[in-house]
Amino acid sequence: MIEKIVPEILTREAFAPFGDVIEVDDNRQHFTINDGFTERYHDLAKVDVEKNNGRTLINIFRSTPLAQPIAIKMMERHPLSSQAFIPLGNEPYLVVVAPKGELDLAAIEVFIAQSNQGVNYHAGTWHHYCLALHQRSDFLVVDRGGEGDNCDVVELDGNKMIAAQ
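An account of the accompanying structure is given in this report. Residue positions within a chain follow its written sequence, with the count starting from 1. Side-chain atom pairs in this predicted model are given and counted only at pLDDT of 80 or more, local residue features only at pLDDT of at least 70, and totals for whole chains, interfaces and linings cover all residues. Side-chain measures were taken over the full set of non-hydrogen atoms in the model, leaving aside hydrogen atoms and water.

Let's shift gears to the packing of aromatic side chains. Pairing of aromatic rings covers Phe, Tyr and Trp, the last counted by its six-membered ring, and requires centre-to-centre distances within 6.5 Å; plane angles under 30 degrees mean stacked, over 60 mean edge-to-face, and any other angle means tilted. All chains considered together, the criterion is met by eight aromatic pairs. Taking the centre distance of 5.7 Å and the plane angle of 80 degrees together, the rings of Phe 15 and Phe 111 count as edge-to-face. With Phe 15 in helix H1 (residues 12–15) and Phe 111 in strand E11 (residues 109–113), this residue pair connects regions lying 96 residues apart in the sequence. Whether a residue is buried, partly exposed or exposed follows from its accessible area with a 1.4 Å probe, protein chains only, as a fraction of its type maximum: under 20%, in between, or over 50%, in that order. Here Phe 111 falls in the buried class, since its relative accessible area comes to 0%. With centroids separated by 5.9 Å and ring planes inclined at 65 degrees, the aromatic side chains of Phe 85 and Tyr 121 adopt a geometry described as edge-to-face. Of this pair, Phe 85 sits in strand E9 (residues 83–87) while Tyr 121 sits in strand E12 (residues 118–121); the two residues are 36 residues apart in sequence, bridging distant segments of the chain. One exposure class covers both Phe 85 and Tyr 121, and it is buried. One aromatic cluster is present, formed by Phe 15, Phe 18, Phe 61, Phe 85, Tyr 93, Phe 111, Tyr 121 and Phe 139 through successive ring pairs. For helices the rule is a DSSP run of H or I covering at least 4 residues; for strands it is a run of E covering at least 2, with both sets numbered from the N terminus onward.

This is the structure in C-alpha cells:
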C-alpha cells in the first residue's frame, strides 16, 4: 500500500528532534561586527565531528531533482557526526528525516525548506539524501572526515511517497 506524505513547513521547533535549522532569525543571538557593516547571527548549529579523530569537511553537493511524486527508497544516518546542508541558490528543497535509533518507517517526516534555510542533522538522525525540487541545486555541506564508518544506509521499498510540490 502506498502512503503519501505531505511536507510540512520547516520550522526550528518542528525540526528540533532531528537537528538545527540554520537561518537568519532576529530572535536568536546576533550582533554587529566589522565596524557596523555586518550582522553576525551566532552559533546557529551544533557541529559534531570529533569522534574517532574526525575533522570538519566543507563540501559542495550538486543535487538533481527527482521525478515527482518522489518515492522514498532509502534513508541514511551518520553515527559519528552531524551533517549540515546550506543551500547556495534560490530554490526550495525537501528534507526527509526520522528519529535516531532503529529506523522507524512510521516516524518518517518530510519538511519543505526555503532557500534561506539550512539544516544540520544531529549525529545518528536518519535522513534522505538532499532533495532538490525544481532545478539542479548546490548545497554547502559541513560534515566529517576521518577514521570509522560514518554512513549507514537502509534501502526501502518506495511505498512512502512525497506529495508533488
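Back to the write-up after that little detour.
This brings us to the sheet that holds strand E3 (residues 19–22). Whether parallel or antiparallel, the strands of a sheet pair through hydrogen bonds between backbone atoms. Pairing is antiparallel in the open sheet, where five strands are placed in the order E3-E12-E9-E15-E6. Edge positions in the sheet fall to E3 and strand E6 (55–63), since each of these pairs with one other strand and no more. Strand after strand, the sheet turns through a mean of 15 degrees between neighbouring axes, direction not considered. By this definition, two strands are paired if DSSP reports at least two bridges between them. Here E9 runs beside strand E15 (residues 137–145); their pairing, made up of four bridges, is antiparallel. Across the sheet, Ile 86 pairs through a bridge with Leu 140, a residue of E15. Note on method: axes are straight lines fitted to C-alpha atoms, helices fitted across the in-contact stretch only, with angles between N-to-C directions ranging 0 to 180 degrees.

Turning next to the environment of Pro 92. If you trace the backbone, Pro 92 turns up in the loop between E9 and strand E10 (93–98). Placed 51 residues apart in sequence, Pro 92 and Tyr 41 show a C-alpha to C-alpha distance of 21 Å. Residues are treated as being in contact if the distance between any of their heavy atoms lies within 4.5 Å. Residue contacts for Pro 92: discarding those within four places in its chain leaves Ile 112, Ala 113, Gln 114, Ser 115, Leu 133 and His 134.

In spatial order, the strands read E1-E17-E7; together these three strands make up an open sheet with mixed pairing. Single-partner strands in this sheet number two, and they are strand E1 (3–5) and strand E7 (70–71).

The buried count for E15 comes to seven of nine residues, which makes it a mostly enclosed element. Here E6 pairs with E15 via nine bridges, running antiparallel. What sits directly across from Ile 60, in E15, is Leu 140.

Turning our attention to unusual backbone geometry. A cis amide bond links Gln 68 with the next residue in sequence, Pro 69, at an omega value of -5 degrees. Position of Pro 69 relative to the elements: it lies in the loop between E6 and E7. One non-glycine residue, Asn 52, lies in the positive phi region at around 55 degrees. On the secondary structure map, Asn 52 appears in the loop between strand E5 (38–41) and E6. Asn 52 gets classed as partly exposed once you look at its relative accessible area, which sits at 42%. A positive phi is found at Asn 53, a non-glycine position, where the angle reads about 60 degrees. Within the fold, Asn 53 resides in the loop between E5 and E6. Relative accessible area serves as the criterion here: at 64%, Asn 53 is assigned to the exposed category.

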